[in-house]
Every structure is written in C-alpha cells, then in structure tokens.
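For reference, the chains in residue letters:
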Amino acid sequence: MGTLISTKKNQQPINPAHSINVLENQTDRKQQYLVLIVEDDEDAASLYQAILMPHYQNVKVARNGCDAVSTLMTHQGPAAVILDYQLPDMTGIDVMTTCRDLDIPTACLIISANDLSAENASCGEIVRLVKPLGCKALLDWTGRLIEKLHQQPSHSASNDASPEALLLGKSKVMHNLRRQIPLLALSSAPLWLHGESGTGKELAARSIHYCSSRSNGPFIAVNCAAFPESLIESMLFGHIKGAFSGATRDQKGFFEAADGGTLFLDEIGDMPLTFQAKLLRTLQTGTILPVGSTKPISVDCRIVSACHRDLTIAVNQGEFREDLYYRLNVLSIKLPPLRERDNDVVIIANKLLSNITNEEHTLPCKLTNSAIHFLKEHSWPGNVRELENTLRRAAILYQGVELQEKHLISDITRGAYHLSSGPDIMSFSTSGKTLKEIEKNIIETTISEHNGCIETAARILGVAPSTLYRKRKKPM
Ligand SMILES: Nc1ncnc2c1ncn2[C@@H]1O[C@H](COP(=O)(O)OP(=O)(O)OP(=O)(O)O)[C@@H](O)[C@H]1O
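Scope of this entry: the structure provided in the associated data block. Keep in mind the model is a prediction, meaning the values are calculated, not measured.

Peptide bonds are mostly trans, and most non-glycine residues show a negative phi. For Asp342, which is not glycine, the phi dihedral falls at a positive 45°. For Asp342, the position within the fold is in the loop between strand S12 (331-334) and helix H14 (344-360). A relative accessible area of 63% places Asp342 in the exposed class. Residue His361 is not a glycine yet carries a positive backbone phi of 55°.

A few words now on the pattern of salt bridges. Inspection of every chain in the model, using the stated rule, returns 13 salt bridges. Notably, a salt bridge pairs Asp67 with Arg249, separated by 3.3 Å at the nearest N-O pair. In this pair, Asp67 sits in helix H3 (residues 65-75) while Arg249 sits in the loop between helix H9 (229-237) and helix H10 (254-257), placing the two residues 182 residues apart along the sequence. Among the residues examined, Arg249 registers a relative accessible area of 34% and is labelled partly exposed. A salt bridge links Arg392 to Glu360; the nearest nitrogen and oxygen atoms lie 2.6 Å apart. Taken together, the positions of Arg392 in helix H16 (residues 383-398) and Glu360 in helix H14 put the pair 32 residues apart, joining distant regions of the chain.

As enumerated under the stated definition, the model contains 7 aromatic pairs in all. Summarising the aromatic geometry, the rings of Phe237 and Phe275 are spaced 5.1 Å apart at their centres and angled 50° between planes, so their arrangement reads as tilted. Residue Phe237 is located in helix H9, and its partner Phe275 is located in helix H11 (residues 273-285); the two are separated by 38 residues in the primary sequence. By the burial criterion, Phe237 is buried, and Phe275 matches it. In textbook terms, an aromatic cluster arises when at least three aromatic residues are bridged by ring pairs, as seen for Trp192, Tyr325 and Tyr326.

Scoring rules and cut-offs
- Residues numbered from 1 in each chain as written.
- Predicted model: local features only at pLDDT ≥ 70, side-chain atom pairs only at ≥ 80, totals over all residues.
- Heavy atoms only, no water.
- Helix = DSSP H or I, 4+ residues; strand = E, 2+ residues; numbered from the N terminus.
- Buried < 20%, exposed > 50% of the residue type's maximum accessible area, 1.4 Å probe, protein only.
- Salt bridge = Lys/Arg side-chain N within 4 Å of Asp/Glu carboxyl O.
- Phe/Tyr/Trp six-rings, centres within 6.5 Å; stacked < 30°, edge-to-face > 60°.

The quantities given are spatial measurements derived from coordinates; they are silent on function.
Structure, rendered in structure tokens:
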C-alpha cells in the first residue's frame with residue numbers, strides 16, 4: 001500500500017500510487033484519441049502514419065474532405081485532425097467548419113505552404129509549414145492538438161442524458177415536454193421536432209434516444225445545411241470505391257453509422273429536392289443505396305428530423321416534397337420559444353453560468369438584479385443558444401463575480417432591437433439583378449455591418465449560421 005502524504009492544510013491527502021495511476025490513465029487516454037491525417041498525397045500520408053503509429057493507438061488516413069467528415073462522424077469521439085489545406089473536393093477550412101457545425105469534438109490543424117493568415121479559421125489553427133513535415137514537427141503539433149482535446153471540458157462532462165438533466169426549466173410547457181419524452185421513446189416511428197432555432201430540438205432528440213431501447217446504439221446528428229448539394233447523398237448513404245473521382249475506397253454514410261440507433265436530421269428543410277425523392281424511398285423501404293452501387297442495404301435507425309422554419313411554407317412553395325413531409329411527421333413535438341417559458345430563462349441562466357465558469361476556468365459569478373431584469377425583458381430570438389452565448393461572452397470578457405445588465409448587452413442581444421432596421425437593402429440597386437445576386441448582396445451587407453460576425457448576421461437574417469456558410473460558398 002502506498003504512503004499517504006498530506007500536502008496542504010484542508011486538502012485531501014494524496015496517495016502517490018493513486019496519482020501515478022491517474023497519470024498513467026491520462027496518458028493512456030491521450031494515446032487512444034483518434035488522430036486523423038487528411039492528405040491526398042499518398043507518400044506524405046504514409047510517412048505521417050508511420051511516424052505517428054508508434055505513439056498513438058488509433059491513427060487513420062482520409063484522402064479527401066468527404067472521407068474525413070464521414071470518418072469523424074462515425075468515430076463519435078474526440079479526434080486530433082491534421083489537414084492539408086487543398087483537398088481534392090474541398091479545403092481544409094471547409095472540413096473544419098463542417099466539424100464545428102456538426103458538433104464533432106475535434107482539434108484541427110491545417111498545413112499549407114502558403115500564407116493563409118487572411119483566412120478565417122475560427123475553429124482551428126492554420127500553420128505555414130513546408131510539406132512533408134519532419135518527424136519532430138509532426139509529433140510536436142500532434143501532441144499540442146491532443147493536449148487541446150484533453151483540456152476540452154465536454155469530454156469529462158456528466159453522462160446523465162435524462163430529460164430532467166438535459167432539458168432544464170420548471171415552466172409548465174417544459175414539464176409537459178419532459179413527460180412526453182419517455183412515451184415518444186417507446187416508438188420507432190419517424191419523429192418531427194419543430195420550434196425556433198436554439199430552442200433545444202437536438203437536445204430533445206438526444207434525450208428521446210437515451211430514453212429508448214436504442215440507447216446502446218449510436219445517436220448521430222447531421223446538419224443537412226452543412227453539406228454542398230453534390231455531397232449530401234454520399235454523406236448520408238455512403239459510396240463505393242470508384243463511384244466518383246476521389247472515392248478511393250468504400251465509405252459508409254450516416255445511415256449505416258446510425259444503424260441500431262437514431263439518426264437526427266437537422267435543418268432538413270435545406271435538403272435538395274433531388275435528394276428528397278431518394279430519402280423518401282429509404283423511409284418507405286428501410287434500405288439505402290450507396291452512391292455507385294446497385295445493391296440496396298437494409299438499415300434500422302429511427303429518424304428524428306427538425307427544421308427551425310415552418311416547412312408547410314416550403315411545401316406550399318414547392319421547395320419541399322409534401323409526401324416526404326408527411327412521412328417524417330408521423331409523431332411530432334414543438335419546442336416552445338424561451339420567451340414563452342415563464343421564469344425558465346433565469347433558472348437556465350444560473351445553471352449555464354455555473355457550467356460556463358467551470359469550462360472557461362473563470363471566476364464563479366452570479367447574476368445581479370439588473371442582469372435578471374434584463375434576462376426577463378429580452379425577447380431571446382435565438383433562444384437558449386443565444387442565452388448561452390451571451391453568458392459565455394460576459395463570463396469571459398468581464399471576469400468579475402457579479403454579472404450586471406451592462407455585461408450582457410452585446411451586438412447579438414442588441415440584434416433583436418436592430419431587426420426592424422436590418423440590412424439596408426435599399427442602399428444597393430436591385431434592378432437587373434437575379435434573386436440569387438440580391439440574396440448574396442443582403443448576406444454580405446449584413447455580415448460586413450456586423451464586423452464579419454456570421455453568427456450575428458445569421459441571427460438577424462433568421463437563419464442558422466451553417467446556412468450562411470453554405471450560401472456564401474455556392475457559386476453564382
Ligand atoms: N432546456 C434547455 N436546458 C439547457 N440547455 C438547453 C435547453 N435547450 C437548449 N439548450 C442548449 O441550447 C443550445 C441549443 O440547443 P439545440 O442545438 O438543441 O437547439 P436547436 O433547436 O436544435 O437549434 P437549431 O434549430 O439552431 O439547430 C445547446 O447548447 C443546448 O445544450
């Protein structure tokens with residue numbers, strides 16, 4: 001038995017044998033994280049793999065962006081990702097942004113021989129390095145990414161996925177919603193979640209999954225708006241080797257990855273019409289057809305879908321198939337907007353604030369009366385997500401112990417009052433322009449009016465940030 005050493009007064013005594021175990025466990029855990037090399041140059045990829053394999057237990061290679069995203073989605077755990085900037089089907093930044101939009105826990109590094117300091121890589125790091133990387137540089141950078149992953153608090157967060165633990169709030173509507181969740185979990189029929197952006201649709205989907213008999217299977221959330229039209233079929237159904245240039249091996253899609261579990265299709269209203277017919281067929285037959293294949297594969301996953309806008313409008317405008325809408329909408333629940341949930345905003349804010357100060361390692365802080373007054377008065381058009389972002393921003397920038405109203409006011413919370421003034425579309429001429437050009441102009445004007453902040457622009461235009469990323473990428 002190891003000696004017990006007491007270091008400081010009031011501290012728990014430390015057992016050295018135990019602390020060695022903890023250290024060993026941490027080292028083991030670090031070695032087990034997925035390290036994904038995304039590189040289309042075969043020689044460079046093999047070299048990196050050979051260097052990393054003696055140090056990490058799970059090293060994989062993806063040869064293009066589509067492969068990389070599928071690998072990360074199906075892995076379902078934290079991953080250190082080393083990306084080449086220029087990939088055959090997209091850029092490293094596209095992969096990084098997609099991972100962020102899909103909430104895949106990653107630490108990313110993009111390597112480029114060119115100076116890309118002007119690129120916006122808010123969710124990772126871009127370094128200027130000459131390829132192929134040497135042994136020391138590769139190990140150092142990978143070590144840094146792994147350390148970053150290890151510091152991310154979400155991986156050590158509690159596993160309690162009960163409706164009570166996930167969906168906070170004491171209002172009657174939330175109480176009713178939590179009561180319905182175990183009942184909805186008894187069925188495998190398609191479930192439709194509707195409600196404004198940020199009301200907790202994905203959280204509700206997760207909670208239903210964990211209450212169901214599928215809870216030991218995977219829960220896969222896919223943001224349909226995050227993929228270009230040309231990739232969505234292969235991302236969802238997978239593809240076979242040689243199906244298109246860059247398809248160097250068979251690749252499973254999200255349907256197969258979710259087999260035995262739940263597939264959450266978010267922002268389904270953004271799914272291209274051409275693909276909607278194929279999705280309808282899958283719902284009717286329970287099979288998928290990977291791109292390039294003629295052999296249908298049976299899949300067993302519960303489909304939960306959601307969209308922040310009213311899909312009946314899209315159906316009336318011919319943008320969404322009516323038959324698919326009814327197939328997806330067998331069961332449905334509505335997530336109410338935060339402003340209709342009595343005093344929940346304060347209850348949720350207190351809980352979120354304590355999580356945020358833990359995650360950000362800032363001083364524990366509490367809400368003053370002026371802050372509570374602001375929380376109750378604000379209309380929260382971005383719902384709980386806006387509340388969470390507002391509190392995180394305040395906790396990081398303020399670093400004090402008492403949050404007041406002034407700390408909560410920002411471009412985003414102010415955005416609600418700006419709605420009526422919105423982007424000044426009359427300041428540019430629309431004559432002779434196509435609808436697409438006018439839309440692009442509105443998007444770019446709103447983004448530049450808000451100092452390049454895509455989240456704020458998305459909030460003001462009433463769409464998800466991923467929709468703006470996608471629309472900006474689309475050629476005219
Ligand atoms: N009742 C709640 N209690 C605690 N946190 C919540 C609640 N509802 C939502 N959240 C948090 O708010 C954020 C947004 O939730 P979620 O992604 O589930 O919303 P959504 O409706 O799916 O949004 P979108 O339509 O934009 O995809 C998440 O961080 C989630 O954890």
